[in-house]
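The chain contents come next:
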Amino acid sequence: MIRLALALLLALLGAAAAQAHEVRPAYLQIDQTGADRYTVIWRTPLLSGAPLPVVLTLPPGTRTVSGPGTQSMPGSTIERRIVEIPGGLAGQRIDFVGLQATITDVLARITLDGHTTTTMVRPSEPFLAVQAEQGAVAVALTYLREGVAHILFGFDHLLFVAALMLIVRDWRMLLKTVTAFTVAHSITLALATFGLVRLPSGPVEAMIALSIMLVAVEAVRLRRGETSLATQWPWLVAFAFGLLHGFGFAGALADLGLPPGDIPLALLFFNLGVELGQLLFIAALLGVVAAARRLVAIPFQAPVAAAYAIGIVAAFWCFERLDAMFF
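The structure presented is a predicted model; accordingly, all values stated were derived computationally and were not measured.

Undergrad: Talk me through the environment of Leu265; I want residue IDs and the actual numbers.
TA: By the secondary structure assignment, Leu265 is in helix H8 (residues 263–293). The exposure class assigned to Leu265 is partly exposed, which follows from its relative accessible area of 23%. The spatial distance from the C-alpha of Leu265 to the C-alpha of Ala140 is 6.5 Å, given a sequence separation of 125 residues. Excluding anything up to four places from it in sequence, Leu265 contacts Ala136, Val139 and Ala140.

In structure tokens, the structure reads:
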């Protein structure tokens with residue numbers, strides 16, 4: 001009966017997700033090359049074709065030695081320069097002016113004297129106090145939080161999980177299906193991160209949208225009394241499409257970057273964060289709908305309406321992403 005309980009909320013989710021866009025973080029990398037000399041890479045995402053309205057402000061007294069040079073990339077702008085900071089960068093403060101007016105985070109990776117620190121700067125606190133060294137716990141927590149944030153704002157991945165829940169028959173199968181999806185996207189995320197398998201992001205994103213649409217079709221067929229491999233073995237479908245979704249997660253992780261020397265740790269906790277966020281979404285969805293069932297009677301045909309809503313959103317995403325690839 002999970003399909004029936006979820007129907008109303010899924011329909012609302014599908015309508016809201018049609019207008020949602022994932023926000024990629026900005027990225028700052030500073031590497032020490034001399035006593036007081038540093039290379040600076042500042043990458044900002046494009047919002048509606050315009051650079052993120054945030055100004056990177058280095059410590060007072062900073063002098064530009066060369067640059068800045070600007071490079072345009074798909075979805076972002078990269079600025080590179082070499083600077084000198086009298087007295088060094090350790091213990092100094094970097095400000096991100098204007099970040100507080102956005103919903104975008106900044107991943108800052110700073111290497112001083114061979115030690116790398118990785119920090120996520122939030123709009124609520126748009127500055128960074130530079131530390132000389134960072135422990136493994138700080139790296140793990142940074143990537144755990146980012147994994148949770150990515151899945152909770154990755155509306156296509158969430159909608160795929162919601163669509164799977166429409167074809168799941170019982171709690172045991174739900175657990176098996178979610179586990180299969182997690183195992184699959186963890187495999188391809190690791191393969192892509194270590195450079196063993198690479199796929200272009202455009203076709204991957206279009207195929208992810210198509211996978212959502214296909215599962216929505218299966219949900220409609222199930223309500224009509226038809227059976228298929230997807231409805232009988234949803235965990236197998238979750239695993240197969242989970243391999244594809246893992247490449248989507250890899251694109252987000254590539255935008256974040258991984259700290260040299262801590263790649264396995266960062267990858268592990270990003271994966272755990274994705275899984276934690278996914279479980280939070282499922283728990284919240286089931287909890288809200290269970291509460292709603294006490295207040296209203298959900299129509300028998302509501303699962304079909306929910307499946308159509310999900311399929312329409314997925315079809316829109318698919319054509320939108322195909323358009324971005326070829327035009």
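Undergrad: Outline the side chain of His245, supporting the account with residue identities and numerical values.
TA: Positionally, His245 belongs in helix H7 (residues 234–256). Aside from chain neighbours lying at most four places away, what touches His245 is Asp156, His157, Phe160, Phe181, His185, Ile208 and Ser211.

Undergrad: Describe the packing of aromatic side chains, and please don't skip the residues or the numbers.
TA: The final tally for this structure, using the stated rule, is four aromatic pairs. Each ring, one from Phe160 and one from Phe181, has its centre 5.2 Å from the other, and the planes form 35°; the classification is tilted. With Phe160 in helix H3 (residues 155–167) and Phe181 in helix H4 (residues 171–193), this pair connects stretches of sequence that are 21 residues apart. With 6.0 Å between their ring centres and 85° between their planes, Phe160 and Phe241 make a pair best called edge-to-face. Of this pair, Phe160 sits in helix H3 while Phe241 sits in helix H7, and the two are 81 residues apart along the sequence. Taking relative accessible area as the criterion, Phe160 reaches 0% and is therefore assigned buried.

Undergrad: Just give me the short version of the pairing of strand E5 (residues 63–73), but keep the residues and values in it.
TA: In the case of a regular strand, side chains alternate between the two sheet surfaces. Judged from the eight bridges that link them, E5 and strand E6 (residues 76–84) form a sheet pairing that is antiparallel. When the sheet's bridge partners are listed, Arg63 is paired in E6 with Glu84. Between the end of E5 and the start of E6, which pair antiparallel, lie two residues, with Gly75 showing a positive phi angle near 85°.

Cut-off values and rules
- Residues numbered from 1 in each chain as written.
- Predicted model: local features only at pLDDT ≥ 70, side-chain atom pairs only at ≥ 80, totals over all residues.
- Heavy atoms only, no water.
- Helix = DSSP H or I, 4+ residues; strand = E, 2+ residues; numbered from the N terminus.
- Buried < 20%, exposed > 50% of the residue type's maximum accessible area, 1.4 Å probe, protein only.
- Contact = heavy atoms within 4.5 Å.
- Phe/Tyr/Trp six-rings, centres within 6.5 Å; stacked < 30°, edge-to-face > 60°.
- Pairing = 2+ DSSP bridges.

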